[in-house]
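Structure assessment
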Amino acid sequence: MNLSLLIIVPLILAVAGLLVNNQKQVKLIALASGIAQLVLACCLAFLFIEQRKTDRTTFLFQQQYEWFSNLNIGYFVGVDGISVAMILLTAFIVLAGILISWNVKRMSKEYFFLMQVLAIGAYGFFISLDLFTLFFFLELAVVPKFMLIGIWGSGKKEYSAMKLALMLMAASALVFVGITGLYYFSTTHGVHHFNLLTVADNPLPLDKQKVFFPFAFIGFGIFTALFPFHTWVPDGHSSAPTAASMFLAGISMKLGGYGCLRVAVYLMPDGAQFYSNAIIVLACIAVLYGAFVTMMQTDLKYINAYSSVSHCGFVLLGIGMLTKTAVNGAVLQMISHGLMTALFFAVIGMIYERTHTRQVSKMGGLLKIMPFISTIFVIVGLCSLGLPGLSGFVAEMTVFVGSWQRAGWYYQWATILAAASIVVTAVYILRATAKVIMGPVKINNSTGDAAITELYGKANPYWNERAAVYLLAAGIFIMGIAPFVVTDIIYPATDFIMQKLSFK
Amino acid sequence: MKQELMLSALIFLLLIIFLASNNLVAETLIKWINVLLLVNFLLGFWGNSSGSLFGNMYHTNALIVFQKNLLNFALLIISLLSYDWLKTHRHYLEFYILMLAALLGAFYLISSRHLLMFFLGLELAGIPVALLANFDLGKKRSSEAALKYIMSSAFASAMFLFGGGFIYALTGTLDFFELHQLASGSPAFLFAFIFVLAGIGFKISAVPFHLWTADVYEGAPVAATSYLSVISKGSVMFILAYLLFYVFNNIIGTWRAVIILIALFSITLGNLFALRQQNIKRFMAFSSITQMGFVLIALAAAKLMSTSALIYFIMIYIFSNLAAFGIIAVVYNQTGSEAVNDFKGFYKKNPALAWVFALALFSLAGIPPMAGFFGKFFLVLAVAGSVNYVILTLVALNIVLSVYYYLRIVKLMFMDAEEKDREIIFVSPLPKIALWVCTAGTIVTGVMSGAYEYIATLVKSVW
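Residues numbered from 1 in each chain as written. Chains lettered and ligands numbered in written order. Predicted model: local features only at pLDDT ≥ 70, side-chain atom pairs only at ≥ 80, totals over all residues. Heavy atoms only, no water.

**Some remarks on the overall build of chain A**
Assigned secondary structure in chain A consists of 21 helices and 7 strands. In summary, chain A has a C-alpha radius of gyration of 22 Å against a globular reference of 23 Å for 504 residues, a match within 12%. For the C-alpha atoms alone, the extent of chain A along its principal axes is close to 80 × 60 × 45 Å. The buried share of chain A, taken over its 504 residues, is 66%. (Helix = DSSP H or I, 4+ residues; strand = E, 2+ residues; numbered from the N terminus. Rg over C-alpha atoms; globule rule 2.2 N^0.38 Å. Buried < 20%, exposed > 50% of the residue type's maximum accessible area, 1.4 Å probe, protein only.)

This is the structure:
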């Protein structure tokens, strides 16, 4: 399959959306683009599984063109299982995001254009096998977020947008230092390469890995809310419009986790082992700290944002543990968290649109007046706390099993501490659910029938919301009930990464 | 030499028109001048030869021809952008004559292979610019800017001459080829070199020689400011790369340290001062100090990579900076405002202009897919090979700082509510063409790798 289609198709449709003037056409083109992306991603997954049966090369569907040949920069793409899984996730969330934002009125042309640029950045990032191309797409995805939050956001949106943009640009700057290190110190006969495969075959000497691994890892780590650089997450998520929050949590934070694996760990395996303990400490802090801070939040979006910090801590924990199962768990957690938070943000957005508040204390008894939305809220909450049968359980369990496998009291205590956070998760999720969903009906201080009349005619979800919810919920259930659908794609890919590490 | 001859012919033609007739229609004439400039730019692409003249004082080759074409192009764009302002100006013909004369000086500067020729070019490229800065005849600030520029320029020239004199005293020659062999690390020679470098530093307004920049940028009319920021600096940068890598190649260890220091200071101070500027032209002044700092730091890298990255970056800088100045010019012409805050809510009434400005700022900030990303990436990549990662990190984090103030303006335009009712800005066709060309340039020259490849091949073939 031609991987460049993943970039070209959304790009053409995004530009096409700019050229039409009718609001309805703009939306239809965006929807068409979302559907086309999902179809492409599904085709890719299917073809990938077929080809993987016979082909044991690490990256399939490779394509290579010269770009800046004087600097050995190429446009080089190819996918392994992790990329395929991430592309699928992105396509799901993009389509759901476009559906959720169907009713955007202001500057809708720019809105959908920027969303698609963000998606292009994500696809390009996931398929790149050239460090320059990868970096290009990573940065391409930053400014659309800034614009989306700053223009269409709510609350202190300018502040959040700027904070997010600066922290992510700083992250990119660190990544940049990391990849220049890889460029200059991984030489074959004095020639420098950005080509990921060549760099992987000629790893850096250990002392250089020790220098450049932190740059790459912290750089990508900031994208995925590495403690103590997670501060952009709550502000950015809560100020963003619903679809942008979904993109941020669902796609953008995954860029970081994927980058940590693909660039930091895959290309600098010795550095990864050297810094493994430090990563675990930071990840554990993120997990616990995120969970405890969430307990104190009163705004639904902040609750989800801080719980994202906690959940993404599992991703980093899995990567830091460096055992095969743990890394698998990390990838699973990325997918699970992506689907789950996107759905959570979608539900919060739907509630907010009807009640005009996100404060937990100002709502109650929603189950009685909007049963569909409340049911989804409960499902996604349960997924977040790791109920078996839903995706969260599969992912977190794999991380814990993998972490426990690493011998040594240090690692096992880390596992225990991280696993303990689930209890805290249960506390904040169940408390929020109890207050918002159960109890007497209350919206914005109006209770009982008054509240119901206020909501009259809006309680049921519209078709676009329904479609988005079904899409994401299907993902959560499939992963929870039949995880092998995803794991079959991922496992061979993590094998290749683990082969780079000197212990198994 | 053809390009210089064509410029001279243009100057004389304008001079004759100026002397011969006194009832000309400004608009028609300016349009014709723009056509002539376009022809001049296009003819620059063929019929060029390489070789030396005037007893090796003047040299030209494919790379130098390309650099001159870039400058020709920048002049054309500046001329198009300042159409609205010039057509109401009493002395528009003099403006063109001076601008062309300064460009001629820049051409001689780039082509110089002798310190005297270099000085001649430097002066010819400098003095007319001071006059250009004075062209807002009714404004006191404009004459103040001109005076500041001419004073600091004269001071810089004096420093340069002092250094040049010292070099002559030490080596007995001013010829670049001979200097290349005779340059030594002796303290006296280094002393002379520092003075020469300081003289050049004034022209590119590198910290600590930057103090004139903000005032001159603010006071001078936008056309003169954009000329200063793009053509003056670009031409000096081109020749500086040659001076350092060829003439002073023997003392590369010394100048590399000096250049890194100057560059780091330029980047950091430019950034810090740009953060809180309230006047958009002052803001551009500090932004240009930072940008030149980035170019300077690339000079610390290996020769070929550094030179190609430098020329490539200057090319992109021409596109993006002129697009930004173009917006500033059209806004100023209609509203008379230069305040940063007056861009609040700019998007609402002028969406197209706001996007053009935003794209130009993205390019200056180095955000993909704009060309500025590629330019900056290659500059810093070049330097990464020869400095340690601490310096590299400092540079990379400075890019983040610069992103802040570029995005601040984007924020003002798109996210803030407008304070007062803003008028719709009318852009006449010629500036519109220029803005389109610049915007297209900032997009195309990056993603399409052809431009960089061409420059890199040229640099390889020449050096």
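Further notes follow.
**Overview of the overall build of chain B**
Of regular secondary structure, chain B possesses 20 helices and 2 strands. Since a compact globule built from 463 residues should have a radius of gyration of about 23 Å, the 21 Å found for chain B is in line with a globular shape. When the backbone C-alpha atoms are referred to their principal axes, chain B occupies close to 65 × 60 × 40 Å. In chain B, which comprises 463 residues, the share counted as buried stands at 65%. Taking the contacts inside chain B whose residues are at least 6 apart along the sequence as the reference set, 83% of them involve residues at least 24 apart. In the structure as shown, chain B presents an accessible area of about 15800 Å², 70% of it carried by carbon and sulfur atoms. Averaging the positions of the 27 positive and the 19 negative side-chain charges in chain B gives two centres separated by 4 Å. (Contact = heavy atoms within 4.5 Å. Areas by Shrake-Rupley, 256 points an atom, 1.4 Å probe, with all protein chains shown as cover. Lys, Arg positive; Asp, Glu negative; His and termini not counted. Charge placed at Lys NZ, Arg CZ, Asp CG, Glu CD.)

**As for the pattern of salt bridges**
Evaluation of the coordinates by the stated rule reveals 18 salt bridges over all chains. Ionic pairing is found between R354 of chain A and E465 of chain A, a salt bridge with its closest N-O pair at 2.8 Å. Linking R354 of chain A in helix 14 (residues 324-355) with E465 of chain A in helix 20 (residues 463-481), this pair joins segments that are 111 residues apart in sequence. Exposure class is identical for R354 of chain A and E465 of chain A. Each is buried. Note that E218 of chain B is salt-bridged to R141 of chain B, the shortest N-O span being 3.4 Å. Highlighted residues: E218 of chain B in helix 10 (residues 213-219) and R141 of chain B in helix 7 (residues 140-171), separated in sequence by 77 residues. For R141 of chain B, a relative accessible area of 35% gives the class partly exposed. Through salt bridges with shared partners, a single ionic network connects R141, E144, K148, D215, E218, K281, R282 and E338 of chain B. (Salt bridge = Lys/Arg side-chain N within 4 Å of Asp/Glu carboxyl O.)

**Remarks on the confidence of the model for chain A**
Per-residue confidence for chain A gives a mean pLDDT of 88; residues scoring 70 or more make up 97%. When mean pLDDT is compared element by element in chain A, helix 5 (residues 131-140) of chain A scores highest at 92, while helix 19 (residues 448-454) of chain A scores lowest at 66. (pLDDT = per-residue confidence, 0-100.)

**Topic: a nonpolar patch on the surface**
Residues and elements named next belong to chain B. Taken together, W32, V35, L38, V39, L42, L43, F45 and W46 make up a surface patch of nonpolar side chains, about 780 Å² in accessible area. Looking at the secondary structure, you find L42 in helix 2 (residues 26-43). For L42, a relative accessible area of 41% translates into the label partly exposed. (Patch = residues over 30% accessible without salt bridge, like charges linked within 9 Å, V, L, I, M, F, W, Y side chains within 5 Å.)

**Let's talk about the pairing of strand 2 (residues 73-79) of chain A**
Among the 7 residues in strand 2 of chain A, 7 count as buried, and that is most of the element. Here strand 2 of chain A shows a buried face lined by I73, Y75, V77 and V79 of chain A and a second buried face lined by G74, F76 and G78 of chain A.

**Thoughts on helix 11 (residues 222-247) of chain B**
Residue and element names in this part refer to chain B. Compared with the 38 Å implied by 1.5 Å per residue over 26 residues, the 35 Å span of helix 11 between its first and last C-alpha is a close match. At L228, helix 11 shows its largest kink, close to 30°. Burial runs high along helix 11: 25 of the 26 residues are buried. (Expected span 1.5 Å × (residues − 1). Bend = angle between axes of the 7 residues up to and from the residue.)

**A few points about the interface of chain A and chain B**
Opposite the 37 residues of chain A that make contact, chain B presents 41 residues. Counting the surface lost from both chain A and chain B, the interface buries some 3500 Å², and carbon and sulfur atoms represent 81% of this. The interface formed by chain A and chain B includes 0 salt bridges. Viewed at the interface, chain B and chain A are joined by 8 residue pairs in polar contact (both at pLDDT 80 or more). Secondary-structure elements contributing two or more residues to the side of chain A that touches chain B are strand 1 (60-68), helix 5, helix 6 (142-152), helix 7 (157-185) and helix 9 (206-223) of chain A. If you tally residues by element for the side of chain A that touches chain B, the top one is helix 7 of chain A, at 15 residues. Of the residues in the side of chain A that touches chain B, the class split is 29 nonpolar, 4 polar and 4 charged. (Buried area = accessible area lost by both parts, 1.4 Å probe. Polar contact = N/O pair within 3.5 Å; in protein donor to acceptor, adjacent residues only side chain to side chain. Nonpolar A, V, L, I, M, F, W, Y, C, P; charged D, E, K, R; others polar.)

**Considering unusual backbone geometry**
Along the chain, F227 of chain A connects to P228 of chain A via a cis peptide bond; the corresponding omega equals 0°. With respect to the helices and strands, the residue P228 of chain A is situated in the loop between helix 9 and helix 10 (232-239). Here the residue pair V207 of chain B and P208 of chain B is connected by a cis peptide bond, since its omega of 10° sits within 30 degrees of zero. Tracing the backbone through its elements, the reader meets P208 of chain B in the loop between helix 9 (187-203) and helix 10. Notably, H356 of chain A is not glycine yet its phi reads approximately 60°, a positive angle.

**Section: the nonpolar core**
In terms of nonpolar packing, the biggest core is built from 409 residues, with F378 and F414 of chain B touching the most fellow members. The element contributing the most residues to this core is helix 14 (residues 303-335) of chain B, with 21 residues. With residues up to four places along the chain from it excluded, the contact list for F378 of chain B reads F68, L71, I73 and F132 of chain A together with A309, Y312 and Y452 of chain B. (Core = buried A, V, L, I, M, F, W, Y, C linked by side-chain atoms within 4.5 Å.)

**With respect to the pairing of strand 1 of chain A**
All names here are of chain A. Both strand 1 and strand 2 contribute to a ladder of 6 bridges, which runs antiparallel. Its bridge partner being in strand 2, Y65 is matched across the sheet by Y75. Connecting strand 1 to the next strand, strand 2, in antiparallel fashion are 4 residues, including N72 with a positive phi near 60°. (Pairing = 2+ DSSP bridges.)

**Focus on the packing of aromatic side chains**
For the structure shown, the criterion picks out 85 aromatic pairs over all chains. Here the aromatic rings of F212 of chain A and Y389 of chain B are separated by 6.0 Å at their centres, their planes lie at 70°, and the arrangement is edge-to-face. Residue F212 of chain A is found in helix 9, and its partner Y389 of chain B is found in helix 18 (residues 389-414); the two belong to separate chains. Here Y389 of chain B falls in the partly exposed class, since its relative accessible area comes to 36%. Over the ring of Y266 of chain A we find R262 of chain A, and its NZ or CZ is 5.9 Å from the ring centre. (Phe/Tyr/Trp six-rings, centres within 6.5 Å; stacked < 30°, edge-to-face > 60°. Lys NZ or Arg CZ within 6 Å of the ring centre and 35° of its normal.)

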